[in-house]
Amino acid sequence: MRERFLHRLWAVALLSLVGLLPVNVFAQNAAGTDVELLLLGTKGGPALLTPKRISQSSALIVDDEIVMIDAGYGASLRLAEAGHSLKHLRSIFITHLHSDHVLDYPALIMNAWATGLKQPVDVYGPAGMQTMTDQVWKMFAVDIDKRVADEGRPDPRKLVSVHEIDAGPVVDATMKVSALRVPHPPFGDGEAFAYRFQVAGKTIVFTGDLHAFPDGFAAFARNADIMVSEMVNADAVQALSQRIGNGDTLAKAILSHHVTGAQVGRAAQAAHVKKLVLSHLVPADDPSVTEQSWIDAVRGDYDGPVVVGRDGMGIHVAGAQAKAGSE
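Computed from a predicted model, the values in this text were never measured in an experiment.

Trainee: Break down the layout of surface pockets for me, with residues and values.
Mentor: By volume, the second largest pocket amounts to about 350 Å³. If you trace the second largest pocket, you find 23 residues lining it, with Gly44, Gly45, Pro46, Leu250 and Ile254 closest to the centre. At the level of elements, helix H4 (99–102), helix H10 (234–244), helix H11 (247–257) and strand S12 (276–282) are the ones that each hand at least two residues to the lining of the second largest pocket. For the lining of the second largest pocket, the element with the most residues is H11, which contributes four residues.

Trainee: Tell me what's going on with the side chain of histidine 101, and back it up with residues and numbers.
Mentor: Structurally, histidine 101 can be placed in helix H4. Excluding residues that lie within four positions of it along the chain, histidine 101 makes contacts with Gln56, Asp70, Ala71, Gly72, Ile94, Thr95, His96, Asp209 and His280.

Trainee: Help me get a handle on the sheet that holds strand S3 (residues 65–69), residues and values and all.
Mentor: With mixed pairing, the seven strands of this open sheet are ordered in space as S6-S5-S4-S3-S2-S1-S14. In the strand order of this sheet, the two ends are held by strand S6 (160–164) and strand S14 (313–318), each with one partner. Between one strand axis and the next, the sheet turns through 20° on average, direction left out of account. Summarising the sheet, strand S2 (residues 57–62) and S3 pair through five bridges and their orientation is antiparallel. Along S3, the bridge assignment pairs leucine 60 with valine 67. On top of the sheet, helix H6 (residues 129–139) reaches strand S5 (121–125) and S6; it is set at about 155° to S6, its chief contact.

Trainee: Break down empty space enclosed by the protein for me, with residues and values.
Mentor: Across all of its chains, the model carries one cavity of 30 Å³ or more by this definition. In terms of lining, the largest cavity is formed by 14 residues, of which the most central are Gln56, Asp70, Phe206, Gly208 and Val228. For the lining of the largest cavity, the elements supplying multiple residues, two or more each, are strand S11 (226–232) and S12. In terms of residues, the lining of the largest cavity owes the most to one element, S11, which gives three residues.

About the criteria used
- Residues numbered from 1 in each chain as written.
- Predicted model: local features only at pLDDT ≥ 70, side-chain atom pairs only at ≥ 80, totals over all residues.
- Heavy atoms only, no water.
- 1 Å grid on protein atoms, 1.4 Å probe; cavity = no way out; pocket = protein on both sides within 12 Å on 5 of 7 lines; lining within 4 Å.
- Points joined across faces, edges and corners; volume = space filled by probe spheres on them.
- Helix = DSSP H or I, 4+ residues; strand = E, 2+ residues; numbered from the N terminus.
- Contact = heavy atoms within 4.5 Å.
- Pairing = 2+ DSSP bridges.
- Axes fitted to C-alpha atoms, helices over the stretch in contact; angles between N-to-C directions.

Everything listed is a geometric property; what it means functionally is a separate question.
Here it is as structure tokens:
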């Protein structure tokens, strides 16, 4: 598969050089490009309560190339469990800097490097992303320096490029990516983002964490083939906060940070989303909240297909037929 990917890529690059094709034709019109949405961690919040559901991370697998969206705890392990080599990591998009979205960011970079990463990796996120990355290099400086000298590995500090973003176009290349500011207390304006990916003629939108859908979201997500949305079950949050601690204070904070099923359903319907995927579920481990409960919560407005995410779930987006066990 990787050889086929490289062959097509070289062909497109050659034609582009002689002026026969636009540079971005590969991503937008190559029907043979395989694209899979992989849900790695589908739990909202930082508490590690069960290995069945871990914190938020997703990936778009474009042929063999890995495009990460957030990197909650265990993201790199989930990629390996799904049979993907971390050395094919190509880019990372961070929605915001809550720990349940970035705790595995250092591990993801270091594990990819240890697995044989040699290609550049671009990292996109809000202000603070560069400082976090600089701290990763300080944390692992001894290990990096010794392995570069002793094992002949490339220096990962030269492979990773950080881009602190704002709303608007983020990437205009073989995959088009744009960002939208979303309100997610206690983060301020421009500190939390939704992302829109366009690849192989398909559009995938990630809402990120938000307490309301902002003006302009319907246009941002218009006609998306897939919208991956977070969601909170208000009735079950109080029990969750009692189990973790902080009681009413934690429950109030959680409910003020996230969107309900009714909000998600209205937003998906207004944007004419073709398929809704629910991830970053809060709470994700309450047995009284069934899969049907999540679906019913969005049904007041949205009448399209709904998928309740599970860790390790693959969802076919484009290209070859879905793999066994995927949606």
